[in-house]
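Chain residues, written in single-letter form:
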Amino acid sequence: KRTLYELFGDKETLIHLSLSHHFDSLREEHKELCKGAENTIDAIYIVLSNIIKSGHITSRLMNNLNKFYPRLHQQIIEEHSQSNRSGLKTMILRGIEEGIFSEKFNIELAINILYSSANSAHSSLISLIPEGMRGEDVIVQIVTTFFRGLSTPKGLEIIDMCLDKHSSSLKR
């Protein structure tokens, strides 16, 4: 009889390939969902809604991975962070073309700040989050504040419309 380990070598390789497939599938799902977006900001809130909907599963997977396979956890984060940052950069550039975002900022720095803020909400700064505030609300506020800072007046109006449009899906 053939076992999984004959095909994949060891447990870590199997876990790595499974999680890579999971994150690649999520990225493809986000692309499909965004095909119906009215503009870049709408696409951002569509992706954010989907992340909130399934984020608890991914969060649990990554927490367990870090607990039992910390080296593999770090490897997965590094591999998929670059792809996610690239996708975000593409969305920001598209928003600049649409006149939704200003072009007067450093995109790489802005993306680093967003990632740092979002990661802080999940880790060491958790004590700064007001009591009773849900994690989903923290992420929505971080993302909304970030994109408001990049927005033109047109973009600000669209953010407000998108928040109204997606308000129910931005809650788990």
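A brief look at the structure comes next. What you are looking at is a predicted structure, and each value in this text was computed from that prediction instead of being measured. (Residues numbered from 1 in each chain as written. Predicted model: local features only at pLDDT ≥ 70, side-chain atom pairs only at ≥ 80, totals over all residues. Heavy atoms only, no water.)

### Concerning the overall build of the protein chain
Then, in step 1: Along the backbone of the protein chain there are seven helices and zero strands.
Then, in step 2: Along the protein chain, from the amino end to the carboxyl end, the secondary structure elements read α-α-α-α-α-α-α.
Then, in step 3: Judged by the C-alpha coordinates and their principal axes, the protein chain covers about 65 × 35 × 30 Å.
Then, in step 4: The 172 residues of the protein chain split such that 36% are buried.
Then, in step 5: Across the protein chain, contacts joining residues at least 24 apart in sequence account for 67% of those joining residues at least 6 apart.
Then, in step 6: Surface accessibility of the protein chain: about 10800 Å² in total, with carbon and sulfur atoms responsible for 57%.
Then, in step 7: In the protein chain, 20 positive and 21 negative side-chain charges are present, and the distance between their average locations comes to 5 Å. (Helix = DSSP H or I, 4+ residues; strand = E, 2+ residues; numbered from the N terminus. Buried < 20%, exposed > 50% of the residue type's maximum accessible area, 1.4 Å probe, protein only. Contact = heavy atoms within 4.5 Å. Areas by Shrake-Rupley, 256 points an atom, 1.4 Å probe, with all protein chains shown as cover. Lys, Arg positive; Asp, Glu negative; His and termini not counted. Charge placed at Lys NZ, Arg CZ, Asp CG, Glu CD.)

### Regarding the packing of helix α2 (residues 11-34) against helix α3 (residues 40-68)
Then, in step 1: Here α2 crosses α3 at 170°, and the two axes come no closer than 9 Å. Put simply, α2 runs roughly antiparallel to α3. Residues Ile15, Leu19, His22, Phe23, Leu26, Glu29, His30, Leu33 and Cys34 of α2 lie in contact with α3, whose contacting residues are Ala43, Ile46, Val47, Asn50, Ile51, Ser54, Thr58, Leu61, Met62 and Leu65.
Then, in step 2: Of the residues assigned to the contact of α2 with α3, the class counts are 13 nonpolar, five polar and one charged. (Axes fitted to C-alpha atoms, helices over the stretch in contact; angles between N-to-C directions. Parallel < 35°, antiparallel > 145°, perpendicular 65-115°, else oblique. Nonpolar A, V, L, I, M, F, W, Y, C, P; charged D, E, K, R; others polar.)

### Overview of the nonpolar core
Then, in step 1: Membership of the largest hydrophobic core comes to 30 residues, with the highest contact counts inside it found for Ile41, Leu48, Ile92, Phe101 and Phe147.
Then, in step 2: For this core, the secondary-structure elements that each account for two or more residues are α3, α4 (70-97), α5 (107-122), α6 (135-150) and α7 (153-166).
Then, in step 3: Looking at this core, the element that brings in the most residues is α6, giving eight residues.
Then, in step 4: With residues up to four places along the chain from it excluded, the contact list for Phe147 reads Ile44, Leu88, Ile92, Phe101 and Ile159.
Then, in step 5: Judged by nonpolar contacts, the second largest core, of seven residues, contains Leu19, Met62, Leu65 and Leu72. (Core = buried A, V, L, I, M, F, W, Y, C linked by side-chain atoms within 4.5 Å.)

### Topic: the side chain of Asp42
Then, in step 1: Position of Asp42 relative to the elements: it lies in helix α3.
Then, in step 2: Overall, Asp42 belongs to the buried group, its relative accessible area being 1%.
Then, in step 3: Within the local environment of Asp42, its side chain forms a polar contact with the side chain of Lys165, the two groups lying 3.0 Å apart.
Then, in step 4: Sequence-distant contacts of Asp42, that is, excluding residues within four places in its chain, are made with Gly36, Ala37, Cys162, Lys165 and His166. (Polar contact = N/O pair within 3.5 Å; in protein donor to acceptor, adjacent residues only side chain to side chain.)

### A short note on the packing of aromatic side chains
Then, in step 1: As enumerated under the stated definition, the model contains two aromatic pairs in all.
Then, in step 2: Pairing Phe101 with Phe147 gives two aromatic rings, centres 5.4 Å apart and planes at 25°, and the pair type is stacked. Of this pair, Phe101 sits in the loop between α4 and α5 while Phe147 sits in helix α6, placing them 46 residues apart in sequence. In terms of burial, Phe101 and Phe147 fall into one category: buried.
Then, in step 3: Measuring from centroid to centroid gives 4.8 Å for Phe146 and Phe147, while their planes differ by 80°, and the two rings are edge-to-face. (Phe/Tyr/Trp six-rings, centres within 6.5 Å; stacked < 30°, edge-to-face > 60°.)

### Here's the deal with α6
Then, in step 1: Between its terminal C-alpha atoms α6 stretches 23 Å, which fits the 22 Å expected from 16 residues at 1.5 Å a residue.
Then, in step 2: For α6, every residue scored as buried is listed here: Glu136, Val138, Ile139, Val140, Ile142, Val143, Thr144, Phe146, Phe147 and Leu150. (Expected span 1.5 Å × (residues − 1).)

### Here's the deal with the packing of α3 against α4
Then, in step 1: Between α3 and α4, the shortest axis-to-axis distance is 12 Å and the interhelical angle comes to 175°. Taken together, the axis directions place α3 and α4 in an arrangement best described as roughly antiparallel. Side by side, α3 and α4 meet where Thr40, Ala43, Ile44, Met62, Leu65, Asn66, Lys67 and Phe68 of the first sit next to Pro70, Leu72, His73, Ile76, Ile77, Met91, Arg94 and Gly95 of the second.
Then, in step 2: Taken together, the residues of the contact of α3 with α4 sort by class into ten nonpolar, four polar and two charged.

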